[in-house]
Amino acid sequence: MLIDANLSDKDSDVVEPKETGRIEAFSDGVFAIATTLLILEIKVPTFTENGQAIETGNQLIQGLLNEWPSYLAYLTGFLSIVVMWLNHHRLFTLIKRSTHGLILLNSLLLLVVTIVPFPTALLAHYIDSSNTELANVVVIVYSGFLLVLAVTYNVLWRYVSHNGRLMDRNADPLAIASITRSYNVGLVLYAIAFAVAFVNASVSISICIFLNIFFALPGDRTVGTEQSLTS
């Protein structure tokens, strides 16, 4: 995957105007709202496990401790959205031109991002359930959502990077190839996590956590991006 190999050395030094400013600003706002909505799933405890109104400090402390699945889900959801935003930011450091197709695909991605609070809340509510069948269904839904998200990112990336049509002409081809490889690997692993969820929910969640860490870490994708920005 190359960025117009026919460009001359003189052309490669030309600084192109960036056309995606409004797309990035709107996207950043959507990501911010999505992270904010996550906190709404953490409820103030007002009743004990026995259904009695909380009247003492010890009961309140216990009620707060009982909300641990919501805290865990909030942290997981927040980190997930941050990783999504980080990857979105990385892509748009390489994208210079805008088309109607890019706007539509980016909007589709944002649509999926705004759904994050729902599977996160579902996970928080049922993950500690004594009913194994319910917990498995929740993990299937959660991992399936992440697979849809991975597909959406891949579609967007392939659209903008095909023949370098929307890319910065000075972008490092190695950075572009590296992003493509990592997205391919991510798509396969998310598909595996979804399939495994039907058999072992714990392993599926572990794969999802690993992928969050993988896409959050600065790899050679970041190096290539930084080179393209300083060239």
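Counting restarts for each chain, with residues numbered from 1 along the sequence as it is written. The model is predicted, so local features are restricted to residues of pLDDT at least 70 and side-chain atom pairs to those at 80 or more, both for listing and for counting; the totals for chains, interfaces and linings are taken over all residues. Excluding hydrogens and water, the side-chain figures rest on all heavy atoms present in the structure.

Engineer: Explain the overall build of the protein here, please?
Structural biologist: Going along the chain from the N terminus, every DSSP run of H or I of four or more residues is numbered as a helix, and every run of E of two or more is numbered as a strand. On a plain count of helices and strands, the protein comes out with 10 helices and zero strands. Counting the 231 residues in the protein, one finds 41% classified as buried. Long-range pairs, those at least 24 residues apart, make up 79% of the contacts in the protein between residues at least 6 apart in sequence. Each residue is placed in one exposure class: buried if its accessible area under a 1.4 Å probe, protein chains only, is under 20% of its type's maximum, exposed if it is over 50%, and partly exposed if it falls in between. Residues count as neighbours in contact if any of their non-hydrogen atoms are within 4.5 Å of one another.

Engineer: What's the story with the environment of Leu 146 in this structure? I'm lost.
Structural biologist: Examined against the element boundaries, Leu 146 turns out to sit in helix α7 (residues 132-161). Linking Leu 146 and Cys 208, residues 62 residues apart in sequence, is a C-alpha distance of 8.0 Å. When neighbours within four sequence positions are excluded, Leu 146 is seen to be in contact with Tyr 190 and Cys 208.

Engineer: What is the right way to look at helix α5 (residues 100-113) in this model?
Structural biologist: The periodicity of an α-helix, 3.6 residues per turn, causes residues three or four positions apart to be oriented the same way. Here the expected length of a helix is defined as 1.5 Å per residue gap, with one fewer gap than residues. Taking 1.5 Å as the rise per residue, α5 with 14 residues should run 20 Å; its terminal C-alpha atoms sit 20 Å apart, in good agreement. Within α5 the residues assigned to the buried category are Leu 102, Leu 105, Asn 106, Leu 109, Leu 110, Val 112 and Val 113. For α5, the arc enclosing every buried residue in end-on projection is 155°, short of the 170-degree limit, so these residues lie on one face. Looking at the buried positions of α5, the neighbouring elements they touch are α2 (21-38), α4 (68-94), α6 (117-126) and α7. This arc corresponds to the set of directions leading from the helix axis out to the C-beta atoms.

Engineer: In this structure, what is going on with the pattern of salt bridges? I would like to understand it.
Structural biologist: Side-chain pairing between opposite charges can occur once the charged atoms of the two side chains come close. Salt bridge, as applied in this entry: a Lys or Arg side-chain nitrogen positioned within 4 Å of an Asp or Glu carboxyl oxygen. Counted by the stated rule, this structure contains one salt bridge. Across the pair Asp 168 and Lys 96 runs a salt bridge whose closest N-O atoms are separated by 3.8 Å. Of this pair, Asp 168 sits in the loop between α7 and α8 (173-196) while Lys 96 sits in the loop between α4 and α5; the two residues are 72 residues apart in sequence, bridging distant segments of the chain. As far as the burial class goes, Asp 168 and Lys 96 line up, both buried.

Engineer: Honestly, the packing of α7 against helix α9 (residues 201-216) in this entry has me stumped. Any pointers?
Structural biologist: When two helices pack together, their arrangement is given by the angle between the helix axes and by the axis-to-axis distance. The axes used here are C-alpha line fits, helices contributing only the stretch in contact, and every angle between their N-to-C directions lies in the interval 0 to 180 degrees. Closest axis-to-axis distance for the α7/α9 pair is 10 Å, and the angle between their directions is 25°. For the element pair α7 / α9, the angle class is roughly parallel. Seen from above, α7 lies across α9 with left-handed handedness. Packed against α7, whose contacting residues are Asn 136, Val 139, Tyr 142, Ser 143 and Leu 146, the element α9 presents Ala 201, Ser 204, Ile 205 and Cys 208 at the interface. Looking at the contact of α7 with α9 residue by residue, the classes come out as six nonpolar, three polar and no charged. The labels follow the angle: roughly parallel below 35 degrees, roughly antiparallel above 145, roughly perpendicular from 65 to 115, and oblique for the rest. In this scheme the handedness of a crossing depends on how the near helix is turned from the far one: anticlockwise by less than a right angle means left-handed, clockwise means right-handed. Any residue outside Ala, Val, Leu, Ile, Met, Phe, Trp, Tyr, Cys, Pro, Asp, Glu, Lys and Arg is labelled polar, Gly included; the first ten of those are nonpolar and the last four are charged.

Engineer: Sorry, what's going on with the nonpolar core here?
Structural biologist: The tendency in soluble globular proteins is for nonpolar side chains to be buried side by side. What makes a nonpolar core is a set of buried Ala, Val, Leu, Ile, Met, Phe, Trp, Tyr and Cys residues whose side-chain atoms join them at distances within 4.5 Å. Formed by 48 residues in total, the largest nonpolar core has its most connected members in Leu 91, Ile 95, Leu 102, Tyr 153, Trp 157 and Val 160. Among the elements of the structure, α2, α4, α5, α7, α8 and α9 are those that each provide at least two residues to this core. When residues in this core are grouped by element, the largest group, 13 residues, is from α7. For Tyr 153, the residues in contact, after removing those within four places along its chain, are Phe 31, Met 84, Trp 85, Asn 87, His 88, Leu 91, Leu 109 and Tyr 183.

Engineer: Honestly, the side chain of Thr 180 in this entry has me stumped. Any pointers?
Structural biologist: By the secondary structure assignment, Thr 180 is in helix α8. We classify Thr 180 as buried; its relative accessible area is 10%. Within the structure, the side chain of Thr 180 is placed 2.9 Å from the side chain of Trp 157, a separation counted as a polar contact. Polar contact is the term for a pair of N or O atoms within 3.5 Å; when the atoms are in protein, one must be able to donate a hydrogen and the other to accept it, and sequence-neighboring residues count only if both atoms are side-chain atoms.

Engineer: I keep staring at unusual backbone geometry and nothing clicks. Help me out?
Structural biologist: Keep in mind that most residues, glycine aside, have a negative phi and that most peptide bonds are trans. One non-glycine residue, Asn 163, adopts positive backbone phi at about 55°. Here Asn 163 shows up in the loop between α7 and α8.

Engineer: Sorry if this is basic, but what is going on with a nonpolar patch on the surface here?
Structural biologist: The patches reported here contain residues having more than 30% relative accessible area and no salt bridge. Joining distances are 9 Å for like charges and 5 Å for nonpolar side chains (Val, Leu, Ile, Met, Phe, Trp, Tyr). Where accessible areas are quoted, they stem from the Shrake-Rupley method and a 1.4 Å probe; at the residue level, only the protein chains shown are allowed to cover. Together, Leu 60, Leu 64, Trp 68, Tyr 71 and Leu 72 make up an exposed nonpolar region whose accessible area comes to about 450 Å². In terms of residues, the nonpolar patch owes the most to one element, α4, which gives three residues. What makes Tyr 71 partly exposed here is its relative accessible area of 34%.

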